[in-house]
Amino acid sequence: MSTVNPPVVFTQDELGWVSWIDPLPEAELTERHFAGLVDRARAKSEYFRLLVRDPEVLEARTKTDKDIFYNVADGLPRAERELAAAATSRYNGCIYCASVHARFASTYSKRREDVQRLLDEGVGADLGARWNAVVKASVALAETPIAFGPDNIAELRRAGLDDAEIVDVINGASFFNWANRLMLSLGEPSK
Amino acid sequence: MAPKDIIDTLAGIEPGSTLDAIRARRLQARENAQKSYLSLFEPIDAGDFSLAERSAVAAFVTWLHGESPVAAFYREKLAANADGAALVEAIKSEIERGKTSGPYGAFPAGPLSVENKAGLIYRVSAERRPELGARLVAALEHAHLLVFRPRDAASADMKALLAAGWSTTGIVTFSQLVAFLSFQVRVVSGLRTLAAASA
């Protein structure tokens, strides 16, 4: 049994992740699995070698993820897509996902202290009108039943987002309701 | 202009509409949300997680989010299976018992413990267990955890699924299915809300 040292607070530090069930051994990966991994380097990650047990779903999931977050030809700035991911993860309670996307939000926004306040104080932290609107929309989407409504749209519009940017918020926040559930339930973070 | 996909159908997005044009700017995401749906519901190999089980879990998960076009879609998908109508009835009565509001659950013991929120720990009713069988009973109980209190998940939950006859690969696909639906139901709800606010 490897030693797991689970973090007990939200952090922007780099964390590891340990699977609770058996990932595929690297030596058993075939071309079908590499297609599922999309990036061959992901064969080094326990998380991706676990998800690659269903390569077709992993490939589609990965390509959905990459376009929602990395396609910045237009739409919402990357920093605010990462903010939606971090806020969703903070609210659902995924310390691992929050660490990764809080770091990205800090890198792209240069507002590391504000991002840290989201982690420390939670989704009620006052981060200014525009970020507050993104965080509130993400939280409303994360609730079950879903609480996202016309008030969230109005607030995002008042904060200056157009409809294409609002769709980026919806996609980014919704995607993390997918990612959080995998990361939280198949294994655990370790410092 | 791309043909309507499952998200368009569920969100009521018509070709040539404003939202259709916005979705076209994220073509890879659009195509792969569709491929995710297809690889979960029309898989190459359903040996570890049968198609009937997939539609039963999907009907349960989407219905737990409240009544919606998405829930109706997956309920119809389940009803189309052999014995599907009986399963819809069984799941309907389980939804009554399992309905609640999330997310809730516990954080790792420490400074975050003040944010712990107690809530329903759902178990399938005793009278429905024989009819659903051990695999589906374990799946519905774990799906409820994933929907409402994912931060409560522990390694013991994986052991419970393995003990109920789920393979490791089956657990991965099952977890992807529940997590994917958590995404899909939100995208559809968000896009519907946006369309209504722009009308």
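The structure this text deals with has already been given above.
Residues numbered from 1 in each chain as written. Chains lettered and ligands numbered in written order. Predicted model: local features only at pLDDT ≥ 70, side-chain atom pairs only at ≥ 80, totals over all residues.

As a further point, take the overall build of chain A. Across its full length, chain A carries nine helices and two strands. Order of helices (α) and strands (β) in chain A, N terminus to C terminus: β-α-α-α-α-α-α-α-α-α-β. A globule of 191 residues ought to have a C-alpha radius of gyration of about 16 Å, and chain A, at 17 Å, matches this closely. The principal-axis extent of the C-alpha atoms belonging to chain A is close to 55 × 35 × 35 Å. (Helix = DSSP H or I, 4+ residues; strand = E, 2+ residues; numbered from the N terminus. Rg over C-alpha atoms; globule rule 2.2 N^0.38 Å.)

Helix and strand content of chain B: nine helices and zero strands. In sequence order, the secondary structure elements of chain B are arranged as α-α-α-α-α-α-α-α-α. Taken over C-alpha atoms, the radius of gyration comes to 18 Å for chain B, in line with the 16 Å a tight globule of 199 residues would show. Each principal axis of the C-alpha distribution contributes one length, and for chain B these read about 50 × 50 × 30 Å.

Counting residues in hydrophobic clusters, the biggest one holds 113 residues, and the most contacted among them are B:Val57 and B:Phe60. Apart from the residues lying within four places of it in its own chain, the contact partners of B:Phe60 are B:Ile91, B:Glu94, B:Leu140 and B:Ala143. (Core = buried A, V, L, I, M, F, W, Y, C linked by C-beta atoms within 7 Å. Buried ≥ 20, exposed ≤ 12 C-beta atoms within 10 Å, placed from the backbone. Contact = placed C-beta atoms within 7 Å.)

All names here are of chain B. For the pair helix α7 (residues 129-148) and helix α8 (residues 155-163), interaxial distance at closest approach is 9 Å and the crossing angle is 155 degrees. When the axis of α7 is compared with that of α8, the two are roughly antiparallel. Relative to α8, the crossing made by α7 is left-handed. Residues Ala138, His142 and Leu145 of α7 form the contact with α8, whose own contacting residues are Asp157, Ala160 and Leu161. Partitioned by chemical class, the residues of the contact of α7 with α8 number four nonpolar, one polar and one charged. (Axes fitted to C-alpha atoms, helices over the stretch in contact; angles between N-to-C directions. Parallel < 35°, antiparallel > 145°, perpendicular 65-115°, else oblique. Left-handed = near helix turned anticlockwise from the far one by under 90°. Nonpolar A, V, L, I, M, F, W, Y, C, P; charged D, E, K, R; others polar.)

So, on to unusual backbone geometry. Residue A:Pro145 follows A:Thr144 across a cis peptide bond; omega there is -5 degrees. Positionally, A:Pro145 belongs in the loop between α7 (129-142) and α8 (150-158). Here the bond from B:Gly102 into B:Pro103 is cis, since omega is 0 degrees, no more than 30 degrees from zero. Along the chain, B:Pro103 falls in the loop between α6 (84-98) and α7. The phi torsion at A:Val38 lies on the positive side, around 65 degrees, for a residue other than glycine. Backbone geometry at B:Asp83 places phi at a positive 65 degrees, although glycine is not the residue there. Checked against the element boundaries, B:Asp83 lands in the loop between α5 (69-79) and α6. Given 13 C-beta atoms within 10 Å, B:Asp83 falls into the partly exposed group.

Attention now moves to the interface of chain A and chain B. Facing the 49 residues of chain A at the interface are 58 residues of chain B. At the level of elements, α2 (46-51), α3 (55-70), α4 (78-92), α7, α8 and α9 (163-186) of chain A are the ones that each hand at least two residues to the side of chain A that touches chain B. With 16 residues, the top contributor of residues to the side of chain A that touches chain B is α9(A). Split by residue class, the side of chain A that touches chain B holds 27 nonpolar, twelve polar and ten charged.

Take the environment of B:Thr18 next. All names here are of chain B. Looking at the secondary structure, you find Thr18 in helix α2 (residues 18-24). Overall, Thr18 belongs to the partly exposed group, with 14 C-beta atoms counted inside 10 Å. Sequence separation between Thr18 and Leu191 is 173 residues; the distance between their C-alpha atoms is 11 Å.

Let's shift gears to the environment of B:Tyr74. All names here are of chain B. Position of Tyr74 relative to the elements: it lies in helix α5. The class of Tyr74 is buried, set by 26 C-beta atoms lying within 10 Å. Along the sequence, Tyr74 and Ser175 sit 101 residues apart, while their C-alpha atoms lie 17 Å from each other. Tyr74 has contacts with Ser55, Ala58, Ala59 and Thr62, leaving out every residue within four places of it along the chain.

Time to look at α5(B). Looking only at α5(B), the buried set comprises B:Val70, B:Ala71, B:Tyr74, B:Arg75 and B:Leu78. Buried residues in α5(B), looked at end-on, bunch into an arc of 130 degrees, giving them a common side. (Arc of directions from axis to C-beta.)

This part takes up the environment of B:Lys117. All names here are of chain B. Checked against the element boundaries, Lys117 lands in the loop between α6 and α7. For Lys117, a count of 14 C-beta atoms within 10 Å corresponds to the partly exposed category. As for Lys117 and Ala106, which are separated by eleven residues in sequence, their C-alpha atoms are 6.3 Å apart. Not counting chain neighbours up to four residues away, the residues in contact with Lys117 comprise Tyr104 and Gly105.

Here we take up α7(A). The end-to-end C-alpha distance of α7(A) is 20 Å, a good match for the 20 Å that 14 residues give at a rise of 1.5 Å each. The buried count for α7(A) comes to eleven of 14 residues, which makes it a mostly enclosed element. Of the residues making up α7(A), those classed as buried are A:Trp131, A:Ala133, A:Val134, A:Val135, A:Lys136, A:Ala137, A:Ser138, A:Val139, A:Ala140, A:Leu141 and A:Ala142. Its buried side turned inward, α7(A) meets α4, α6 (112-121), α8 and α9 of chain A together with α9 (168-198) of chain B. (Expected span 1.5 Å × (residues − 1).)

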